[in-house]
Amino acid sequence: MKLLSYKTITCIMPAGRGRAVHNRLMKEQGVLSASMHHARGIGASTFRHRNSLVASEKDVLVALVEESRADDLFAFLFDVADIGKPHVGLMFMSRTGRGHPLVAPVELNNLEPNV
């Protein structure tokens, strides 16, 4: 059995956008090894309101992808999440020491109902 190399792509985007990006990554690119969560924090450019900081909310998508497809999937996520626009978010890709992708046991669209 040949071991494949993987990379991890992390995409941080505005709150409310992550689920749609995650769904497109699964449906259009076939990547099942991805998770999405919500985060809140204070950055260097956080707005001050009446002497208090206002935390910004973000969606964070983390995907484990094959190294051979990593650059193409990075470009796909960059376009789908609109990361190229000012103040939208950021992305980065890193090497993965170990990883095992999720594999669908059966194609759900090909299942016939039991009668």
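Everything numeric in this text was worked out from a predicted model, so none of it was measured. (Residues numbered from 1 in each chain as written. Predicted model: local features only at pLDDT ≥ 70, side-chain atom pairs only at ≥ 80, totals over all residues. Heavy atoms only, no water.)

Looking now at the nonpolar core. Judged by nonpolar contacts, the single largest core of 19 residues is most densely connected at L25, L61 and L77. Contributing elements (two or more residues each) for this core: strand 1 (6-14), helix 1 (18-29), strand 5 (56-66) and helix 2 (70-80). Ranked by residue count, the leading element in this core is helix 2, at 5 residues. In this structure, L25 is in contact with G30, V31, A34, L61, A63, L73, F76 and L77, ignoring residues within four places of it in sequence. (Core = buried A, V, L, I, M, F, W, Y, C linked by side-chain atoms within 4.5 Å. Buried < 20%, exposed > 50% of the residue type's maximum accessible area, 1.4 Å probe, protein only. Helix = DSSP H or I, 4+ residues; strand = E, 2+ residues; numbered from the N terminus. Contact = heavy atoms within 4.5 Å.)

With that settled, the discussion passes to helix 1. Here helix 1 spans 16 Å end to end across 12 residues, near enough to the 16 Å set by a 1.5 Å rise per residue. For helix 1, the full list of buried residues reads G18, V21, H22 and L25. In an axial view of helix 1, the angular spread of the buried residues amounts to 100°, which keeps them on one side of the axis. Of the surrounding elements, those touching the buried residues of helix 1 are strand 1, strand 2 (34-41), strand 5 and helix 2. Looking at the residues trailing helix 1, positive phi occurs at G30, about 70°. (Expected span 1.5 Å × (residues − 1). Arc of directions from axis to C-beta.)

Where strand 1 and strand 5 come together, 9 bridges link them in antiparallel fashion. Within the sheet, the bridge partner assigned to K7 lies in strand 5 and is V65. Note that strand 2 and strand 5 share 8 bridges and pair antiparallel. Bridging across to strand 5, H38 finds its partner in D59. (Pairing = 2+ DSSP bridges.)

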